[in-house]
Amino acid sequence: MKIAFANPAIAKSGTVCVGVMSGHKLTASAKALDKVIKGAISRAVKVGRFEGKMGQSITLPAPAGSNLDTVIVIGMGEPKKITSLMLQDLGGRIFASVSKTGSKAVSICVDDLKGCKISAVDCAAEMALGARLRSYRFVKYITVKDKDFDPTLKTLTFNLDGSAKARSAFVSKDKIADGVFFTRDLVSEPANILYPEVLAAEAKKLTKLGVKVEVLDVKQLTKLGMGALLGVAQGSIRPARVVVMRWNGTKKKSGKGKDGPIAFIGKGVTFDTGGISIKPAGGMEDMKWDMGGSGVVIGLMKALAGRKAKVDAVGIVGLVENMPGSNAQRPGDIVTSMSGQTIEVLNTDAEGRLVLADILHYCNERFKPRMMIDLATLTGAILVALGDEKAGLFSNNDDLAKSIYRAGENVAEHVWRMPLGEEYNKMLKSDVADMKNISGGRGAGSVTAAQFLQRFVGDTPWAHLDIAGMTWSKKDKPTAPKGGTGYGVRMLDRLVADKYEK
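Only a predicted model underlies this, so the values are computations on that prediction, with no experimental measurement involved. (Residues numbered from 1 in each chain as written. Predicted model: local features only at pLDDT ≥ 70, side-chain atom pairs only at ≥ 80, totals over all residues. Heavy atoms only, no water.)

### Observations regarding the pattern of salt bridges
Right, on to step 1. Considering all chains together, one arrives at 22 salt bridges under this definition.
Right, on to step 2. Between Lys53 and Glu51 there is a salt bridge whose closest N-O contact spans 3.6 Å.
Right, on to step 3. By relative accessible area, which is 44% here, Lys53 ends up partly exposed.
Right, on to step 4. A salt bridge links Asp178 to Arg132; its shortest N-O distance comes to 2.9 Å. One end of the pair, Asp178, is in helix H5 (residues 163–188); the other, Arg132, is in helix H4 (residues 120–134), and 46 residues separate them in sequence.
Right, on to step 5. By sharing partners, the salt bridges in this structure join Arg132, Asp174 and Asp178 into a single network. (Salt bridge = Lys/Arg side-chain N within 4 Å of Asp/Glu carboxyl O. Buried < 20%, exposed > 50% of the residue type's maximum accessible area, 1.4 Å probe, protein only. Helix = DSSP H or I, 4+ residues; strand = E, 2+ residues; numbered from the N terminus.)

Here it is in structure tokens:
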């Protein structure tokens, strides 16, 4: 689908969308079209329960006095209450409703609304972003298609004064959407197609955008001493990889600490059987997206490079497959992490924290970043606590935690801060090693997992996002069809823009 911006005009064919505010108040474009189709809009909005509330709509098929296929009247609500998120959702809903109607071209008329804090230019850009995000499809493996399989919509045009400014405002948003789509593609791929070597190759594609990408193989990881990560990978015929991505948007040499880069770290378990501590068969197919954290980091780096963010950022992902092979790690094994700390592995299905332990330490030691954020589909316990509405946020730094929360609220990717503390740390005490990888009890599973990770970050400001409930959706949402959500890309891009970009 092509998204276009054009000067105000009433289309003569295809489908046209116009707005109506609360109280049946027609926008300027709606009034102009109403004259053409002989008052059909004025009559329609006064019938039934349509009040002009945000999200309401009326469809007028083949209206008299025109050659239009359809007129869609969309409720805009009260102008003073309109937000960017509402407009994105509106754009997504419009796309969903018109994509398979038969119309190849849809025109959306956007007007400046008295009392609205958002200009028509920005309204159009936000709606376009919502439509773009909703247009995502992952259908590459479907070979048998019925006649209604493919969307008919080819062009979505926003008509408004200042169309050139709207087009410019949409450019950076479109690059962010590219990053979201890349993440959705990666988490949607089956594990027989996407395994560590392949995922590393996908990340390597970012070099075309100016991202410097290094791929570390097993020999290099062994030399570095990443025993925790390699222990997870040893049961699979697919060798582990660690990918280091660097975006130097400031064009300056990065320093250390406050002058260092910002860093994002992702868990990349391309399939998680649980290893010897094998998972139940029911639902195990979902474990193809246990690499969701790494997918977010790769998609974020694509978004930052695509919009040429003025920031120095590092993205590191640890890529493994957790299989119960003949050489698999066993419960009771003790591994030595890159940090030198030893870990008693009581449950091989608590593998993500082992992967993150080594790459968190590696990132901290090599790059001396000003802050680190890791993302992982880490625990089922976070689903029990927060469902699929919010990600769990853990942090050793209040300012960083508040900034992540604000960024999430601004893009509707919500987080909820969870506790850390010495009482949870004590639950990881081992009798035979420096720590064990699970507490052994039923309570506080997500908290103790985060507490485990904190042992590998030192004093660096750090946050951990447990996104187990957010990476995949089993239902359509206004700006995301069911499947891989790309959750986290927009939130972290917004965090960078608001707090770190120069």
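### Examining helix H9 (residues 292–306)
Right, on to step 1. Its 15 residues give H9 an end-to-end C-alpha distance of 21 Å, which sits within 8% of 21 Å, the value for a rise of 1.5 Å per residue.
Right, on to step 2. Extensive coverage of H9 is indicated by the burial of 14 of its 15 residues.
Right, on to step 3. Following H9 by one or two positions, Lys308 adopts a phi angle in the positive range, close to 55°. (Expected span 1.5 Å × (residues − 1).)

### Some thoughts on the sheet that holds strand E18 (residues 462–466)
Right, on to step 1. One open sheet accounts for eight strands, arranged E8-E9-E11-E10-E14-E18-E15-E16; its pairing is mixed. This sheet does not close on itself; its edge strands, each paired only once, are strand E8 (212–216) and strand E16 (415–417). Direction aside, neighbouring strands of the sheet carry axes that sit 20° apart on average.
Right, on to step 2. Looking at chain direction, strand E14 (residues 371–376) and E18 are connected through five bridges and run parallel. Paired with Asp374 across the two strands is His464, which belongs to E18. (Pairing = 2+ DSSP bridges. Axes fitted to C-alpha atoms, helices over the stretch in contact; angles between N-to-C directions.)

### Considering the side chain of Asn425
Right, on to step 1. You can see Asn425 is positioned in helix H13 (residues 422–425).
Right, on to step 2. If we ignore the near neighbours within four places in the chain, the residues touching Asn425 are Gln451 and Arg455. (Contact = heavy atoms within 4.5 Å.)

### Topic: the packing of helix H3 (residues 84–98) against H4
Right, on to step 1. Between H3 and H4, whose axes approach to 7 Å, the crossing angle comes to 50°. With respect to H4, the element H3 is oriented oblique. For the element pair H3 and H4, the recorded crossing hand is right-handed. Side by side, H3 and H4 meet where Ser84, Leu87, Gln88, Leu90, Gly91, Gly92, Ile94, Phe95 and Ala96 of the first sit next to Cys123, Glu126, Met127, Leu129, Gly130, Ala131 and Arg134 of the second.
Right, on to step 2. For the contact of H3 with H4, the class distribution of residues is nine nonpolar, five polar and two charged. (Parallel < 35°, antiparallel > 145°, perpendicular 65-115°, else oblique. Left-handed = near helix turned anticlockwise from the far one by under 90°. Nonpolar A, V, L, I, M, F, W, Y, C, P; charged D, E, K, R; others polar.)

### Focus: the layout of surface pockets
Right, on to step 1. In this structure, the second largest pocket spans a volume of roughly 500 Å³.
Right, on to step 2. Along its surface, the second largest pocket is lined by 21 residues, and Tyr136, Arg137, Phe138, Pro481 and Lys482 are the ones closest to its centre.
Right, on to step 3. Elements with a contribution of two residues or more to the lining of the second largest pocket: H3 and strand E20 (483–484).
Right, on to step 4. Looking at side-chain class alone, the lining of the second largest pocket contains 10 nonpolar, five polar and six charged residues. (1 Å grid on protein atoms, 1.4 Å probe; cavity = no way out; pocket = protein on both sides within 12 Å on 5 of 7 lines; lining within 4 Å. Points joined across faces, edges and corners; volume = space filled by probe spheres on them.)

### A look at the packing of aromatic side chains
Right, on to step 1. Tallied over the entire structure, the rule returns six aromatic pairs.
Right, on to step 2. Pairing Tyr136 with Phe181 gives two aromatic rings, centres 5.1 Å apart and planes at 70°, and the pair type is edge-to-face. Here Tyr136 is found in the loop between H4 and strand E7 (155–159), whereas its partner Phe181 is found in helix H5, with 45 residues between them in sequence. Phe181 carries the same exposure label as Tyr136, and that label is buried.
Right, on to step 3. Taking the centre distance of 5.4 Å and the plane angle of 45° together, the rings of Phe452 and Phe456 count as tilted. (Phe/Tyr/Trp six-rings, centres within 6.5 Å; stacked < 30°, edge-to-face > 60°.)

### Looking at the sheet that holds strand E13 (residues 342–345)
Right, on to step 1. The sheet built from three strands is open, its strands ordered E12-E13-E17 with mixed pairing. Of all strands in the sheet, those bounded by a partner on one side alone are strand E12 (333–336) and strand E17 (435–436).
Right, on to step 2. Bridging between E13 and E17 involves two bridges; their strand directions are parallel. Opposite Glu344, over in E17, you have Lys436 as the bridge partner.

### A few points about the pairing of E7
Right, on to step 1. Of all five residues in E7, four are buried; the element is thus mostly enclosed.
Right, on to step 2. Here five bridges tie strand E6 (residues 105–109) to E7, and the two strands are oriented parallel to one another. Each bridged residue has a counterpart across the sheet, and for Val106 the counterpart in E7 is Leu156.

### Things to note about the side chain of Arg353
Right, on to step 1. The topology assignment puts Arg353 in helix H10 (residues 352–367).
Right, on to step 2. Here Arg353 sits buried without a salt bridge, and the closest side chain of opposite charge, Glu351, lies 7.3 Å off (N-O distance).
Right, on to step 3. Here Asn437 takes part through its backbone oxygen, which lies 2.7 Å from a polar atom of the side chain of Arg353.
Right, on to step 4. Not counting chain neighbours up to four residues away, the residues in contact with Arg353 comprise Leu378, Thr379, Asn437, Ile438, Ala449, Phe452 and Leu453. (Lys, Arg positive; Asp, Glu negative; His and termini not counted. Polar contact = N/O pair within 3.5 Å; in protein donor to acceptor, adjacent residues only side chain to side chain.)

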